[in-house]
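The primary structure of each chain is shown beneath.
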Amino acid sequence: IAVAWGVFMLVWNSRRFVQNQALLFLGISLAFIGFLDLMHTLAYKGMGVFEEGDANRPTQLWIAARYAQALALLAFPLLFGSRPRPAGVSATLALVTGALLLAIFTWDVFPACYVDGQGLTAFKITSEYIVCAILAASLILLHRRRQALDVDVYRLMAIAIGFSIAAELSFTLYTDVYGLLNFAGHILKVAAFAMVYLGLIRIGLTKPNALLYRELAQKREELSAERSVLQTVLTAAPDFLVLKDRDSVYRKVNPAFCRFLGRSEEEIVGKRDADLFPPGDAEQYTKGDQEVMASGRMDIGDWSVMGKAGRRWMQVIKTPVSAESPH
């Protein structure tokens, strides 16, 4: 419970810097899972918190918490790259947790999980196998999307899921809630949460870049690759390609345009039309640029352009590009 809440506090207080929003989802989920586990603990006979009863109610709370934990771990790799809203996630999980508690404590509609003198019910045993299957699926998804996590975090999370599966299997076999198999299951669960602690709390504090900025590093690599592709297109294109800023200053030109003007890229970039073309032409080109930027629409027209070999008529396509543009 302490580890679950510790993970929540870490990711919640660093939510403004977390690039991988799946970590935030997992942290919020663990806060509610830890609460269900707390209720499971307090519901046991002899704790003196709730009305005394048999071992069914704490076992029901256990199963509810394990379903929540398994589904959270399944959703964790599925949410890599997404942007879930913390408030929405918190509200949804609060409603689900509240519904589970009402189903167990008030409505009495949650299936029985333990019967004194008989042991575990078929629902409890089947549920443990279902939880194991969900955890196995989460492990497969985590492996397939491991590139989104630091390698140490991935390994520790995978080990945590493995311990969780072993714990659930042990909980399918016991007949006494105070017996050896039940105790072994709890030890395996402690080991699983210890791996979560090592993966998300210790590494999150001692190696914050591994968790908080890994996606940023990946974006930088993707941007570098896109820039390389763009440079290849600019170099190979036979058409004249030019990029200007708001002041009509040349920021990028391709080799074909350089050859047409008979100038190098260094001689063109940083210059304006007035530095490269006759006064009348330069004024017309700059005016056309301003009209396109003001309207925000593409313009296609025939322009007379003076190059190294003389004047040529060509079709010119001017397209406004902004920082918010997806293209």
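Residues numbered from 1 in each chain as written. Predicted model: local features only at pLDDT ≥ 70, side-chain atom pairs only at ≥ 80, totals over all residues. Heavy atoms only, no water.

With that out of the way, let us pick up the confidence of the model for the chain. Segments scoring low in pLDDT should not have their predicted coordinates read at a detailed level. Mean pLDDT over the chain stands at 87; residues scoring 70 or higher make up 92%. For the chain, the element scoring lowest by mean pLDDT is helix α8 (residues 208-212), at 56; helix α5 (residues 122-144) scores highest, at 95. (pLDDT = per-residue confidence, 0-100. Helix = DSSP H or I, 4+ residues; strand = E, 2+ residues; numbered from the N terminus.)

This brings us to helix α1 (residues 2-13). Over its twelve residues, α1 runs 16 Å from end to end, which matches the ideal 16 Å to within 8%, given 1.5 Å per residue. Turning to α1, its buried residues are Ala4, Gly6, Val7, Leu10 and Val11. Each buried residue of α1 lies within a common arc of 165 degrees when the element is viewed along its axis, so the set occupies one face. Seen from the open side of α1, the exposed residues pointing more than 90 degrees away from its buried face are Ala2 and Asn13. (Expected span 1.5 Å × (residues − 1). Buried < 20%, exposed > 50% of the residue type's maximum accessible area, 1.4 Å probe, protein only. Arc of directions from axis to C-beta.)

Here we take up the nonpolar core. In terms of nonpolar packing, the biggest core is built from 39 residues, with Leu26, Leu30, Phe76, Leu142, Met157 and Leu200 touching the most fellow members. Where this core is concerned, the elements lending two or more residues are α1, α2 (21-42), α3 (56-78), α4 (86-105), α5, α6 (151-170) and α7 (180-206). Every residue in contact with Leu26, bar those within four places of it in the chain, is listed here: Ala72, Leu73, Phe76, Met157 and Leu200. Ile63, Cys113, Tyr114 and Phe171 belong to the second-largest nonpolar core, a separate cluster that totals 21 residues. (Core = buried A, V, L, I, M, F, W, Y, C linked by side-chain atoms within 4.5 Å. Contact = heavy atoms within 4.5 Å.)

Once that is clear, we can look at the state of the cysteines. For the structure shown, the criterion picks out zero disulfides. Cys113 takes part in no disulfide bond, and the closest cysteine sulfur to it belongs to Cys132, at a distance of 15 Å. (Disulfide = S-S within 2.5 Å.)

Evaluation of the coordinates by the stated rule reveals ten aromatic pairs. Ring centres 4.6 Å apart and planes at 65 degrees place the aromatic pair Trp62 and Phe171 in the edge-to-face group. Separated by 109 residues along the polypeptide, Trp62 in helix α3 and Phe171 in the loop between α6 and α7 bring together distant segments of the chain. In this structure Trp62 comes out as buried when scored by relative accessible area, which is 3%. Assessed through its relative accessible area of 2%, Phe171 is described here as buried. Through pairs of rings, three or more aromatic residues link up here, namely Phe240, Tyr250, Phe257 and Phe260. (Phe/Tyr/Trp six-rings, centres within 6.5 Å; stacked < 30°, edge-to-face > 60°.)

Turning to the pairing of strand β5 (residues 299-307), a few remarks are in order. Sheet topology note: the β5/strand β6 (residues 310-318) ladder contains nine bridges and is antiparallel. Among the inter-strand pairings, Val305 is bridged to a residue of β6, identified as Arg312. The turn linking β5 back onto β6 is made up of two residues. (Pairing = 2+ DSSP bridges.)

It is worth spelling out α4 at this point. With 20 residues, α4 ought to run about 28 Å at 1.5 Å a step, and its terminal C-alpha atoms sit 28 Å apart, in line with that. Residues of α4 that are buried include every one of Val89, Leu93, Thr97, Leu101, Ala103 and Ile104, and no others. Taken end-on, α4 shows its buried residues confined to a sector of 160 degrees, consistent with a single buried face. The exposed set on the far side of α4, more than 90 degrees from its buried face, consists of Ala87 and Leu95. Buried residues in α4 make contact with α2 and α3.

When you line up the elements, Arg312 lands in strand β6. Among the residues examined, Arg312 registers a relative accessible area of 45% and is labelled partly exposed. Excluding its chain neighbours within four sequence positions, the residues that come into contact with Arg312 are Phe240, Phe260, Trp303, Ser304 and Val305.

What follows deals with the side chain of Ser304. Here Ser304 shows up in strand β5. Among the polar contacts made by the side chain of Ser304, one reaches the side chain of Arg311 at a distance of 2.9 Å. Residues contacting Ser304, with those up to four places away along its chain left out, are Asp281, Tyr285, Arg311, Arg312 and Trp313. (Polar contact = N/O pair within 3.5 Å; in protein donor to acceptor, adjacent residues only side chain to side chain.)

The subject of this paragraph is the pattern of salt bridges. A side chain of one charge can pair with a side chain of the opposite charge when the charged atoms of the two come close. The tally for this structure, following the rule as stated, stands at nine salt bridges. Salt-bridge contacts for Asp289 lead to Lys318; the nearest nitrogen and oxygen are separated by 2.6 Å. Of this pair, Asp289 sits in helix α13 (residues 279-295) while Lys318 sits in strand β6, and the two are 29 residues apart along the sequence. An identical accessibility class is assigned to Asp289 and Lys318; each is buried. The structure contains a network of salt bridges with shared partners spanning Lys244, Asp273, Asp289 and Lys318. (Salt bridge = Lys/Arg side-chain N within 4 Å of Asp/Glu carboxyl O.)

Moving on, we come to the packing of α3 against α5. For the pair α3 and α5, interaxial distance at closest approach is 8 Å and the crossing angle is 15 degrees. Classified by the interaxial angle, the pair formed by α3 and α5 is roughly parallel. Note on packing geometry: the crossing formed by α3 with α5 is left-handed. When α3 is examined against α5, the residues Thr59, Trp62, Ile63, Arg66, Tyr67, Ala70, Leu71, Leu73, Leu74, Phe76, Pro77 and Leu78 are found in contact with a partner set consisting of Phe123, Lys124, Ser127, Glu128, Ile130, Val131, Ile134, Leu135, Ala137, Ser138, Leu141 and Leu142. Across the contact of α3 with α5, the residue classes break down as 18 nonpolar, three polar and three charged. (Axes fitted to C-alpha atoms, helices over the stretch in contact; angles between N-to-C directions. Parallel < 35°, antiparallel > 145°, perpendicular 65-115°, else oblique. Left-handed = near helix turned anticlockwise from the far one by under 90°. Nonpolar A, V, L, I, M, F, W, Y, C, P; charged D, E, K, R; others polar.)

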